Amino acid sequence: MLKIQKFAAIDIGSNAVRLLISNIIEQDDTQVIFKKNSLVRVPIRLGADVFLKGEISEYNQERMLDTMKAFSLLIKSHGVVRYKACATSAMREANNSAPLTEKILETTGINIEVIDGEEEAAIIAATDLQSFINPNKTYLYVDVGGGSTEFSVIHNGEKKVSRSFKIGTVRLLNDIVKSETWQELERWIKDNTGQYEKIELIGSGGNINKIFKISGKDVGKPLTYFYLTSYYKMLQNYSYEERITKLNLNQDRADVIIPATRIYLSAMKWSGAKDIYVPKIGLSDGIIKSMYFETVSSIIV
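Bear in mind the structure is a predicted one, so any value in this text is a computation, not a measurement.

Draft legend 1. Structural context of the sheet that holds strand β5 (residues 112-114). With respect to topology, 5 strands assemble into an open sheet ordered β3-β2-β1-β4-β5, the strand pairing being mixed. Edge positions in the sheet fall to β3 (33-42) and β5, since each has one partner strand and no second. Recorded for the sheet is a direction-independent mean angle of 25 degrees between the axes of neighbouring strands. With 6 bridges connecting them, strand β1 (residues 3-12) and strand β4 (residues 82-87) associate as parallel partners. Directly across from I12, in β4, lies its bridge partner A87.

Draft legend 2. Fine view of the packing of aromatic side chains. Inspection of the entire model under this criterion finds 9 aromatic pairs. Seen in terms of ring centroids, Y139 and Y277 are 6.4 Å apart; in terms of plane orientation they differ by 80 degrees. Their pairing is edge-to-face. Remark: Y277 occurs in strand β11 (residues 275-277) and Y139 occurs in strand β6 (residues 138-144); sequence separation between them is 138 residues. A centroid spacing of 6.2 Å and a plane angle of 55 degrees characterise the contact between F151 and W188, whose relative ring orientation is tilted. One end of the pair, F151, is in strand β7 (residues 149-155); the other, W188, is in helix α7 (residues 179-193), with 37 residues separating them in the sequence. Since its relative accessible area comes to 1%, F151 is described here as buried. Members of the aromatic cluster, joined through ring pairs, are F34, Y292 and F293. Here the basic side chain of R171 rests over the ring of F51, its NZ or CZ set 3.9 Å away from the ring centre. The residue whose ring lies beneath K289 is F34, and the NZ or CZ to ring-centre distance is 5.3 Å.

Draft legend 3. Main features of the nonpolar core. Counting 38 residues, the largest nonpolar core has L140, F151 and L228 as its most contacted members. It is helix α12 (residues 257-271) that provides the largest number of residues to this core, a total of 9 residues. Among all residues touching L228, those that are not within four sequence positions of it are I208, I211, L223, T261, Y264, L265, M268 and I276. Judged by nonpolar contacts, the second largest core, of 27 residues, contains V50, L65, F71 and M91.

Quick notes on the rules
Residues numbered from 1 in each chain as written. Predicted model: local features only at pLDDT ≥ 70, side-chain atom pairs only at ≥ 80, totals over all residues. Heavy atoms only, no water. Pairing = 2+ DSSP bridges. Helix = DSSP H or I, 4+ residues; strand = E, 2+ residues; numbered from the N terminus. Axes fitted to C-alpha atoms, helices over the stretch in contact; angles between N-to-C directions. Phe/Tyr/Trp six-rings, centres within 6.5 Å; stacked < 30°, edge-to-face > 60°. Buried < 20%, exposed > 50% of the residue type's maximum accessible area, 1.4 Å probe, protein only. Lys NZ or Arg CZ within 6 Å of the ring centre and 35° of its normal. Core = buried A, V, L, I, M, F, W, Y, C linked by side-chain atoms within 4.5 Å. Contact = heavy atoms within 4.5 Å.

Purely geometric stuff here, so don't read any function into it on its own.
Here it is in structure tokens:
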């Protein structure tokens, strides 16, 4: 018998806030299917406040409150049976995140869980990567966000090591990433990938998804280091305004896409990867799947 229920994930990032609603489709004796029903993205860019001033401005607090009210209504109207809201780098570092999350809880009923970088990396890595990777290969998984980037080394289908670095697109735009942080990342990548003969990248995040879509590549086919380098150079030849008008990028994508591409290219260079695969997965997908498997395991127990 077919059973369909809806789960929702709220991802409060440093660049944008997202609501993902997924259909969880279960059938007797068959694998569960996770099917995206709806995705809403609001580019609040909390990191622009926090990484420069240490707190979320009153203006963006109001925008957050309005967004969470809207998300709460969407969750209700969709008939979602379970949801989870996770906040990452910007909310972790904001001096006023606690009173804001309390106000959101009181006003909307949405309980926001502020997660640390390692938990963020673990949730992202828990997405069903097995369906995207070759179990006989080695990968460096790179998820680029506004405030931080999560890295995981996956060898023969098993995650070997994982770490979060405070290098993100919004931080880079505001020129607040120290050279020492880049050097530390370079050492970490080289130390954790150097023993493998061949490594490939898996990239996730809105910017690499956009680049992949623009490339016209078939799903499952990788982008090459050469292609990404060429695209990076091309982007730099356009002004911010031209990237919106001539390259048809949204205004909140047209600036962050350059630092995001720099992060992916740096990871490829330091790991020696020639290709980057782009499955459409991220924190929201990981939240949905972790909720589902928690539910299943609690029923079994």
